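Examination of the molecular architecture
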Amino acid sequence: MTRSHRLGEFVEAVIAPAARRRGLAATTLIRDWPLVVGERLAARCQPVRVSFAPGRQSGGTLVLHAAASAALDLQFSERQVVERVNAHYGYPAVARLRIVQAPPLRPPPPRRRRPARPDDAEVARLSGATAEIADPELAAALLRLGCAIAVAERTGAIGTGTGAKETGR
């Protein structure tokens, strides 16, 4: 029997070779960047590579791609960023930052799916159930709510009530 794996288990193996070529031996810096520098800075910059003097593995330069609006902020907080990166590595790997004004690479935004729609039979059944309501705005609101619930049940977004005791009203 095979065990299912989480995607996170494979990320390290996939990005490790590319990260090593760029001097980022610990790929965790890329993965944990928002934890290292904070969400605000992480949204505006990202680590690209660490370069060391020949034969050294400490006191390197961390190259960051940063949005133009973040470059000045990074210059002012360089010491704190270097301290946090070194704390992440556990030794003084980085001595300074080199900031390249380039937009941080971002994954493409997720594609939007067309919203699911209730089938015609379901709309007809719900319309019949709301036909006796005198207030047309309330009837329309209840019809929309019923359609949303029907779609959510069909797509698995909410439970169908099969685990609970039904009252039969």
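Everything here concerns the structure above.
What this report covers is the structure whose coordinates are included nearby. Predicted model only: the values in this text are computed from it and were never measured. (Residues numbered from 1 in each chain as written. Predicted model: local features only at pLDDT ≥ 70, side-chain atom pairs only at ≥ 80, totals over all residues. Heavy atoms only, no water.)

1. Description of the sheet that holds strand 3 (residues 94–101)
In a beta sheet, neighbouring strands are held together by backbone hydrogen bonds and run either parallel or antiparallel to one another. Here is the rule we go by: A pair of strands is considered paired only if DSSP assigns at least 2 bridges between the two. Strands are runs of DSSP state E lasting at least 2 residues, helices are runs of H or I lasting at least 4, and numbering of each runs from the N terminus. Interaxial angle, 0 to 180 degrees, is taken between N-to-C directions of lines fitted to C-alpha atoms, where a helix line uses only the stretch in contact. A contact between two residues is defined here by any heavy atoms of the two lying within 4.5 Å.
The strand order 1-2-3 describes an open sheet built from 3 strands, whose pairing is mixed. Bordering the open sheet on either side are strand 1 (45–51) and strand 3, each of which pairs with just one other strand. Geometrically, the sheet is characterised by an average inter-axis angle of 25° between neighbouring strands, direction not taken into account. Those strands touched by helix 6 (residues 78–89) are strand 1, strand 2 (60–66) and strand 3, and its axis lies near 120° from that of strand 3.

2. Side note on the side chain of threonine 130
Rules: Residue burial is assigned from relative accessible area. The probe radius is 1.4 Å, only protein chains are included, and a residue is buried under 20% of its type maximum, exposed over 50%, and partly exposed in between. Side-chain atoms alone can form a polar contact between residues adjacent in sequence; in general such a contact is a pair of N or O atoms within 3.5 Å, and within protein one must be able to donate a hydrogen while the other accepts it.
Here threonine 130 lies in helix 7 (residues 120–130). Given the relative accessible area of 13%, threonine 130 is considered buried. Within the structure, the side chain of threonine 130 is placed 3.2 Å from the backbone oxygen of serine 127, a separation counted as a polar contact. Contact partners of threonine 130, with chain neighbours within four places excluded, come to Ala139, Leu142 and Leu143.

3. Focus: the pattern of salt bridges
Note the following rule: Here a salt bridge means any side-chain nitrogen of Lys or Arg lying within 4 Å of a carboxyl oxygen belonging to Asp or Glu.
Evaluated as defined, the whole model comprises 5 salt bridges. In this structure, the salt-bridge partner of glutamate 83 is arginine 79, at a minimum N-O distance of 3.7 Å. In this pair, glutamate 83 and arginine 79 are both assigned in helix 6, 4 residues apart and thus about one turn of the helix distant. Residue glutamate 122 is joined to arginine 125 by a salt bridge in which the shortest nitrogen-to-oxygen separation is 2.6 Å. Linking glutamate 122 with arginine 125, this pair stays in helix 7, spanning 3 residues, or about one helical turn. Classification of glutamate 122 by relative accessible area gives partly exposed; the value is 21%. Linked by salt bridges that have partners in common, Arg40, Arg44 and Asp73 make up one network.

4. Some words on the packing of helix 5 (residues 68–76) against helix 6
Each packed pair of helices is defined by two parameters, the angle between the axes and the distance between the axes. Convention followed: Angle categories: roughly parallel below 35 degrees, roughly antiparallel above 145, roughly perpendicular from 65 to 115, and oblique for all the rest. Here the nonpolar group is Ala, Val, Leu, Ile, Met, Phe, Trp, Tyr, Cys and Pro; Asp, Glu, Lys and Arg are the charged ones; every other residue, Gly included, is treated as polar.
Helix 6 packs onto helix 5 with a crossing angle of 75° between their chain directions and a minimal axis gap of 4 Å. Judged by the angle between their axes, helix 5 and helix 6 are roughly perpendicular. Of the residues in helix 6, those touching helix 5 at Leu74, Gln75 and Phe76 are Glu78, Gln80 and Val81. By residue class, the composition of the contact of helix 5 with helix 6 is 3 nonpolar, 2 polar and 1 charged.

5. A look at the nonpolar core
Most often, soluble globular proteins keep nonpolar side chains buried together rather than apart. The criterion, for reference: As used in this record, nonpolar core signifies buried Ala, Val, Leu, Ile, Met, Phe, Trp, Tyr and Cys residues forming a set joined through side-chain atoms within 4.5 Å.
Residues Trp33, Leu62, Val81 and Val85 are the most contacted members of the largest nonpolar core, which totals 20 residues. Where this core is concerned, the elements lending two or more residues are helix 3 (33–37), helix 4 (39–42), strand 1, strand 2, helix 5, helix 6 and strand 3. Per element, the largest residue contribution to this core is 4 residues, and it comes from helix 6. Setting aside its immediate chain neighbours within four residues, tryptophan 33 contacts Thr28, Gly38, Ala42, Cys45, Gln46, Pro47, Leu62, Leu64, Val81 and Val85.

6. Some remarks on a nonpolar patch on the surface
Our working definition: Nonpolar side chains (Val, Leu, Ile, Met, Phe, Trp, Tyr) within 5 Å and like charges within 9 Å form the patches, drawn only from residues with over 30% relative accessible area and no salt bridge. Calculation of accessible area relied on Shrake-Rupley with a 1.4 Å probe; when residues are assessed, cover is drawn exclusively from the protein chains displayed.
There is a patch of nonpolar side chains on the surface, built from Leu138, Leu142, Leu145 and Ile149 and spanning about 320 Å² of accessible area. Position of leucine 145 among the secondary structure elements: in helix 8 (residues 136–155).

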